[in-house]
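Coordinate inspection notes
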Amino acid sequence: MNRSLHQTARPHRALLRRLGLFLLAPALVALSLPVAIHIAERQDRGFAVHRLEVVTVRPGGPADQAGMQVGDRIATVGDRPVADMREYYSAMANDRQAVALGLVLTRAVEVVEISVPQGSPDQPTMIRHYCLWTVGLSFLAIGWWVLWRRDDPVTRTFFSLCFIFAFFLVDVPDLDDTVYMYAKEYLRLLLQLLLPAFFLRFFLGFPGGGRRLGPRWAGPRAPLLFLPAAVLLLASAANEIWHPAPAGSPVEMILGTVILFYMLTFVLTGLVIFARHAVRKDRPIQRTKLLVVFGGLLLGLVPFLGVVLVGEATPVRIAGPVQYLSLSVILVPSSFALAILRYGAIDRTFIVRTGLVYGALTLLLLAGYFAGVVVLGTALARTFNVSTFPVLLAIAAGGGLVIQPLRQAVQGWIDRAFYPERQVHRRAMVALADRLSSLVATEDMATELLDSLTELYRPQRLALYLSEGPDQPLQVLGTNGGQDALSPASALARLLHRLRRPVFTEELEDLLLGTGSDADSLATLTRSGALLAVPLVGGNRLVGFLAFGPKRGDILYTQEDLANLRVLAVQAASVLESRHFYHDSLQRQKLETEIEVARGIQSSLLPVGPLETPRFVVAGRHEPSRRVGGDFFDFFLREDGSLVLAIADVAGKGIPAALLMTSLCTGFRREAEARLRPAAVANRLNAALGAHIAPGRFVCFFCAIWEPESGLLRYCNAGMDPPVLFRQGQDWYDILRKGGPVLGAVADHAYREGALTLQGGDRLFLRTDGLADQRNDAGEFYDEERLMAAVSSRADVAPQDLLDAIFTEVRHFGQGGEGDDMTAMLLHIKELKEKTTNGPLLAQAGRDRVDHRGLPRD
């Protein structure tokens, strides 16, 4: 049930992801563009308002010069009365013109009209606003990139948090429209209330999901986290619509207290969960990620908060360049994004190397900017009296084109200068891949892979799980691997096939527990003692996976290790899969050869042509539905001159049926040449088959012995389609039924025997059910009626020619489709030496008489 709910929710989650990527994020970017323009155009009047009350007046500023005081209440802006902050922001939306601003203030019991002169924003103010705007877009860009790279509950929640922070930092523009401002205000309130819920939900899943808390809130219970926000939003709207009250009323104070309690509870709970994750000692990979996050929080928030606190604590404005320190807050979402997107341990070497690469890249870009704008731009401005703006655009466009190749060049230089072991390690992995490609046997490849990786990474344990083919279990090989097998349908195998990257068992356990797992998957992880699993996916099939134990010395696998193993896994899986195909091809060729040999052996056991004497001619024909089949026929003369006939149909097709047929043919020859009668032959064959035949297998069998001197035919029918005796000059035929059940069905059954006399011109037709059961495209059977008519209408045709004609007709009826094995025999009596006296009596024993339509006849 949980799996069906999870599958049902997938389209809904995909829709939310596309909504965030292609609608919400672009819409916020579009709304942020006018803000960048308004920052430079916005008038700095030198005062701040909260709930229409003036809370700050900058000394010496335009408002101070106009006589505004702290505590004044705004009543009118220009000629528009304002009753709340939404109307105030709507009236101030167009305050970008260099003209005086008329205000009507209420001060105690008096009304004061003032005119606030224009005031252009100073550089520190503009830099602060542009820094916040840049930080907001950076939050949005980082959240968008994380959601684009991965789709899971953690990334979707992270994008939501980044979007909310970006909305407040960018501060979408105000419009001179009261409805728009009301909508903006309620949207701000909604996002403000959703922020704690997203905050808590994020830390329930970050960084590893949490075995207990993560799955509990990842399914149908997830919307419950957002229920308080929805209730508080509705309560705020209802309070304002149905019970409007002035600021500071008891209702508003109670509602504000509840909102504050809700926000503090959710935020503190999230921080507690985050701290619990941080102190877990059984999660080394998780701890490395949390250290990165702590580092990002420290380096990002300390400079930012320092600028804010200093600016609030001192009356002197902070210099413009110092304001750039507030950009450090971008490190906060960047560190979380790195911890989310980077699987495995985030080691110190990776962080230092990445810092060196992007630090050097930043210095090169700044040098290019300085050389282009300051040097070249200034020279052009002085020489040709032109603006430096086109030069800046050209540098920005050129930087976008060269940033990727420049990053690769810088990274290569740093690797050669500071990390030469990376090149050595990569060359070793390339050499290993080349050695694997040169090997043919899968066992040799597995040995080379395990030995080389053990030497390179020095794991305490290393096992290779390999599948011999589709739907085959993954068997374990390796150092201290033990005896283990994993079903390809297990949750672990499906998860590794989906991830297709090196993954630590910490993450595997969280994912398995979060999505539902089987006991075998968790038991396999425990028995393997693996710290890292590297899936080998070739084509669209999990060929196997490598299970790495901890490194000697308890050193964690680095990001460089994961990158190299991921590349090696792709190459090794491709080679292993090609070897599987190669060995399968060899097996098929070997099987084809064995089938050809079996067909030759089977053909050698059957008569190669008709047997003809002056008194009779007997012919047979066999066509298997495949290269070998389960039908057989035989005829031969015994030393006493009697003719032995047999035909059989083994249940099934192909090689198993052919093997049983070969055994039956050999046993029949042995028993029939011992001068046994047909019933005795059937009894002995049934006893022999009953001791060795597999359950569900059986053999339809018919045996007859004809004495030419007397014309007497004795027979035993063990479940075979009854042979048909066509009498010369008669419009009816006899059906030979007497005998017993199929061979192998009933042990120790006593088979009966039938007898009748054959006369000159008689024809005995024996066949398996493959002829009558042949179907055409319309689903119609060739059936017994058509078959008997085909035989009776060719009374003057030689036996072998008659069989050839019938087989051709049946194949044409079936239009070449694959049917059952087809086998038939025809015994034609030419003449007898003398007419027997007991023929009429024996002719009545053990047979049914029917007319030419197959109907019973007296």
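Our structure's up above, just so we're on the same page.
About the cut-offs
Residues numbered from 1 in each chain as written. Predicted model: local features only at pLDDT ≥ 70, side-chain atom pairs only at ≥ 80, totals over all residues. Heavy atoms only, no water. Helix = DSSP H or I, 4+ residues; strand = E, 2+ residues; numbered from the N terminus. Buried < 20%, exposed > 50% of the residue type's maximum accessible area, 1.4 Å probe, protein only. Contact = heavy atoms within 4.5 Å. Areas by Shrake-Rupley, 256 points an atom, 1.4 Å probe, with all protein chains shown as cover. Phe/Tyr/Trp six-rings, centres within 6.5 Å; stacked < 30°, edge-to-face > 60°. Polar contact = N/O pair within 3.5 Å; in protein donor to acceptor, adjacent residues only side chain to side chain. Salt bridge = Lys/Arg side-chain N within 4 Å of Asp/Glu carboxyl O. Pairing = 2+ DSSP bridges. Expected span 1.5 Å × (residues − 1).

So, on to the overall build of the protein chain. When helices and strands are tallied, the protein chain shows 25 helices and 25 strands. Taking all 858 residues of the protein chain together, the buried fraction comes to 44%. Across the protein chain, the fraction of contacts at a sequence separation of at least 24, relative to all contacts at a separation of at least 6, is 69%. Surface exposure of the protein chain reaches about 43700 Å², of which carbon and sulfur atoms provide 60%.

Once that is clear, we can look at the packing of aromatic side chains. The tally for this structure, following the rule as stated, stands at 30 aromatic pairs. Seen in terms of ring centroids, Phe202 and Phe206 are 5.0 Å apart; in terms of plane orientation they differ by 15°. Their pairing is stacked. Each member of the pair, Phe202 as well as Phe206, carries the same accessibility label: buried. An aromatic cluster of at least three residues, connected via ring pairs, comprises Phe158, Phe199, Phe202, Phe203, Phe206, Phe274, Phe294 and Phe336.

Take the side chain of Ser32 next. Summarising the element assignment, Ser32 is placed in helix 1 (residues 2-41). Within polar-contact distance, the side chain of Ser32 engages the backbone oxygen of Val29 at 2.6 Å.

All chains considered together, the criterion is met by 31 salt bridges. Between Lys184 and Asp171 there is a salt bridge, with the nearest N and O atoms lying 3.5 Å from each other. Of the two residues, Lys184 sits in helix 6 (residues 178-205) while Asp171 sits in the loop between helix 5 (153-170) and helix 6, which places them 13 residues apart along the sequence. Among the ionic pairs, Arg426 bridges to Glu560, the shortest N-O distance being 3.3 Å. Of this pair, Arg426 sits in helix 15 (residues 420-438) while Glu560 sits in helix 20 (residues 559-605); the two residues are 134 residues apart in sequence, bridging distant segments of the chain.

Take the side chain of Glu623 next. With respect to the helices and strands, Glu623 occurs in strand 14 (residues 616-623). Among the polar contacts made by the side chain of Glu623, one reaches the side chain of Arg811 at a distance of 2.7 Å. Ignoring sequence-local partners within four residues, the contact set of Glu623 consists of Phe807, Arg811, Asp821 and Met822.

What follows concerns the pairing of strand 16 (residues 643-650). The buried count for strand 16 comes to eight of eight residues, which makes it a mostly enclosed element. Looking at chain direction, strand 15 (residues 631-637) and strand 16 are connected through seven bridges and run antiparallel. Each residue of the ladder has a partner; that of Phe632, found in strand 16, is Ala648. Remark: five residues form the turn of the hairpin made by strand 15 and strand 16, two consecutive strands paired antiparallel; Gly641 in that turn has positive phi of roughly 90°. Where strand 16 and strand 17 (residues 699-707) come together, eight bridges link them in antiparallel fashion. Counted as the bridge partner of Asp649 is Cys700 from strand 17.

Let us now look at helix 16 (residues 442-457). Taking 1.5 Å of rise per residue, the 16 residues of helix 16 would be expected to cover 22 Å, and the 22 Å separating its terminal C-alpha atoms lies within 8% of that figure. Turning to helix 16, its buried residues are Thr442, Met445, Ala446, Leu449, Leu450, Ser452, Leu453 and Tyr457. Trailing helix 16 by a residue or two, Arg458 shows a phi angle of about 55°, which is positive.

None of the figures reported here should be taken as evidence of function without further support.
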